[in-house]
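# Fold and contact review
What follows is each chain in one-letter form.
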Amino acid sequence: MKNYNFIFLIFVLTLFVNSCNIKKKNTKDSDSITIENPYLYLGQKPPGLIPEVFAPGIVSTEHRDHNAFLSSDLKEFYFTRKDINNRKWLLIVFKYENNRWCESVVGSRVGRPILAPDGKFMHLGSKYMERTETGWSEVKSLGPMFDREDWGIMRLSASANGTYVFDDYKSNDVIRISMLKDGKREEPRLLGKEINTGKWNAHPFIATDGSYILWDGERDSGYGDSDIYISYRHQDGSWGEAINLGNKINTSAWEASAYVTPDEKYLFFNREVSQGNGDIFWVDAQIIETLRPKQNR
């Protein structure tokens, strides 16, 4: 999977590498990749119902590239990268500015970053950053309700109405939920056996409208390693049985960190393509509606 066409990569870089005047945070400035293309998603041809590697040679590289997410206007594409040489994780962004996609480093990765639907907050597990006029604020704590020594939150995802879902690797890999009621944050509670069954339940994503949760875990009924599952919320607020996304998305390899784009057109996720290394894949998000039970439509 990593044997991408070297000549094509050189061609892309020759055409598109320019300097990009984007302010960087907590890093030294370096040359940035500027991709001149008026289309969203870095000019990629949209995938169909079979997952494809996203932006090979640009986003999905020889490094460990993970955890893709976008701003609501689709003009900021974020992902995390673990450099194979220095083993350090970074949070990287491509911004569409002045008819160009420009790459810069936001800073070191904290947690599994993901934007809140309004784009004003970037959740970083038990931490967060606020959007400012010049970029992002310093990292802040969500407070004692979430920032606990006995919890290990990797990914915290929020719906438009402020519902949080998050994982906890220090408590046997479970997923919790916390809702807003009358403007007040409720104490997090464990989700039921529909979701917290099997091993490695992690990296949840809640839909903007709160109608479903995606996460990854390992179950005896799965395809081998960690698979991606979905649960739909019933009208009474309960959650339906976990549904495996099927053999187009899940394989015998490790799949994780599912995310649906703000326009609800595409599903992004990670797949391990070699031992300890993975790429970002994307696929048409039609499967979300295809699997939705009739009573939840």
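The coordinates are above.
The model shown is predicted, which means the values in this text are computed figures rather than measured ones. (Residues numbered from 1 in each chain as written. Predicted model: local features only at pLDDT ≥ 70, side-chain atom pairs only at ≥ 80, totals over all residues. Heavy atoms only, no water.)

### What about the overall build of the protein chain?
Basically, it comes down to this: Numbering of helices and strands starts at the N terminus; helices are DSSP runs of H or I of at least 4 residues and strands are runs of E of at least 2. Burial classification: accessible surface area is computed with a 1.4 Å probe over protein chains only, and a residue below 20% of its type maximum counts as buried, one above 50% as exposed, and the rest as partly exposed. Here, two residues are considered to be in contact whenever any of their heavy atoms come within 4.5 Å of each other. Per-residue and other accessible areas follow the Shrake-Rupley method at a 1.4 Å probe size, with only the shown protein chains counted as cover for residues.
For the protein chain, the count of helices and strands is two helices and 24 strands. Buried positions account for 51% of the 297 residues belonging to the protein chain. Across the protein chain, the fraction of contacts at a sequence separation of at least 24, relative to all contacts at a separation of at least 6, is 43%. Here the protein chain displays about 14800 Å² of accessible surface, and carbon together with sulfur accounts for 49% of that area.

### Section: the layout of surface pockets
The condition is simple: The way it works is a 1 Å grid over only the protein atoms, where trapped points that fit a 1.4 Å probe form a cavity and open points with protein on both sides within 12 Å along at least five of seven lines form a pocket, and then any residue with an atom within 4 Å of a point lines it. Grid points are joined across faces, edges and corners, and a volume is the space filled by probe spheres set on the points. For this classification, the nonpolar set comprises Ala, Val, Leu, Ile, Met, Phe, Trp, Tyr, Cys and Pro, the charged set comprises Asp, Glu, Lys and Arg, and every other residue, Gly included, is treated as polar.
Counted as a void, the second largest pocket has a volume near 260 Å³. Lining the second largest pocket are 20 residues, with Pro117, Thr208, Tyr259, Val260 and Pro262 sitting closest to its centre. Elements with a contribution of two residues or more to the lining of the second largest pocket: strand S7 (114–115), strand S12 (156–158), strand S18 (199–206) and strand S22 (255–260). Split by residue class, the lining of the second largest pocket holds 13 nonpolar, six polar and one charged.

### Topic: the nonpolar core
The criterion, for reference: Buried Ala, Val, Leu, Ile, Met, Phe, Trp, Tyr and Cys residues form a nonpolar core when they are joined through side-chain atoms within 4.5 Å.
Counting residues in each nonpolar core, the largest one holds 51 residues, and the members touching the most others are Phe54, Val59, Phe77, Leu214, Leu267 and Phe268. With five residues, strand S5 (residues 89–97) is the single largest residue contributor to this core. If you look at the next biggest cluster of nonpolar residues, it comprises 10 residues, including Leu191, Ile206, Ile213 and Trp239.

### Section: the pairing of strand S20 (residues 227–232)
Operational definition: For two strands to count as paired, DSSP must find a minimum of two bridges between them.
Burial within S20 is extensive, with six of its six residues counted as buried. By the alternation rule, side chains of S20 split into Asp227, Tyr229 and Ser231 and Ile228, Ile230 and Tyr232, which are all buried. Here six bridges tie strand S19 (residues 212–218) to S20, and the two strands are oriented antiparallel to one another. Along S20, the bridge assignment pairs tyrosine 212 with tyrosine 232. As defined by bridge partners, S20 adjoins strand S21 (residues 243–244) across two bridges and the pair is classed as antiparallel. Following the sheet pairing, tyrosine 229 is matched in S21 by asparagine 244.

### Description of the packing of aromatic side chains
Note the following rule: Aromatic rings from Phe, Tyr and Trp, taking only the six-membered ring of Trp, are treated as a pair when their centres fall within 6.5 Å; an angle between ring planes under 30 degrees marks them as stacked, one over 60 as edge-to-face, and anything in between as tilted. Charge-over-ring contacts are defined here by two conditions on Lys NZ or Arg CZ: a distance within 6 Å of the ring centre and an angle within 35 degrees of the ring normal.
Taken as a whole and judged by the stated rule, the model has 18 aromatic pairs. Following the ring pairs from residue to residue traces out a cluster consisting of Phe54, Phe77, Phe79, Phe94, Tyr266, Phe268 and Trp282. The ring of tryptophan 89 is capped by arginine 109, whose NZ or CZ atom sits 4.3 Å from the centre of that ring. Taking NZ or CZ as reference, arginine 271 lies 4.7 Å from the ring centre of phenylalanine 281, over its face.

### Details of the sheet that holds strand S23 (residues 266–274)
The strand order across the open sheet built from four strands is S2-S24-S23-S22, with neighbouring strands paired in antiparallel fashion. Looking at the sheet topology across the chains shown, the edges are occupied by strand S2 (52–53) and S22. Looking at chain direction, S22 and S23 are connected through four bridges and run antiparallel. Within S23, the position partnered with tyrosine 259 by the bridge is phenylalanine 268.

### Section: the sheet that holds S19
Pairing is antiparallel in the open sheet, where four strands are placed in the order S18-S19-S20-S21. Since the sheet does not close on itself, it has two edges, and those belong to S18 and S21, each with one partner.

### Examining the pattern of salt bridges
Counted only if it meets this: Here a salt bridge means any side-chain nitrogen of Lys or Arg lying within 4 Å of a carboxyl oxygen belonging to Asp or Glu.
Overall, the coordinates contain 11 salt bridges when judged by the stated rule. In this structure, the salt-bridge partner of arginine 148 is aspartate 150, at a minimum N-O distance of 2.7 Å. Given a relative accessible area of 32%, arginine 148 falls into the partly exposed group. Between lysine 193 and glutamate 241 there is a salt bridge whose closest N-O contact spans 4.0 Å. Note that lysine 193 is positioned in the loop between strand S17 (189–190) and S18 and glutamate 241 in the loop between S20 and S21, a separation of 48 residues in sequence. Of the two residues, lysine 193 and glutamate 241, neither departs from the other in class, the shared state being exposed. Overlapping salt bridges bring together Asp65, Arg81 and Glu103 as one network.

### Observations regarding the environment of alanine 158
If you trace the backbone, alanine 158 turns up in strand S12. The sequence separation of alanine 158 and aspartate 118 amounts to 40 residues, and the corresponding C-alpha distance is 9.8 Å. Look past the residues within four positions of alanine 158 in its chain and what remains in contact with it is Pro117, His123, Thr163, Tyr164 and Ile206.

### Some points on the environment of isoleucine 230
Take isoleucine 230: it is sitting in strand S20. With relative accessibility at 0%, the residue isoleucine 230 sits in the buried group. For the pair isoleucine 230 and asparagine 244, spaced 14 residues apart in sequence, the C-alpha to C-alpha distance is 6.6 Å.

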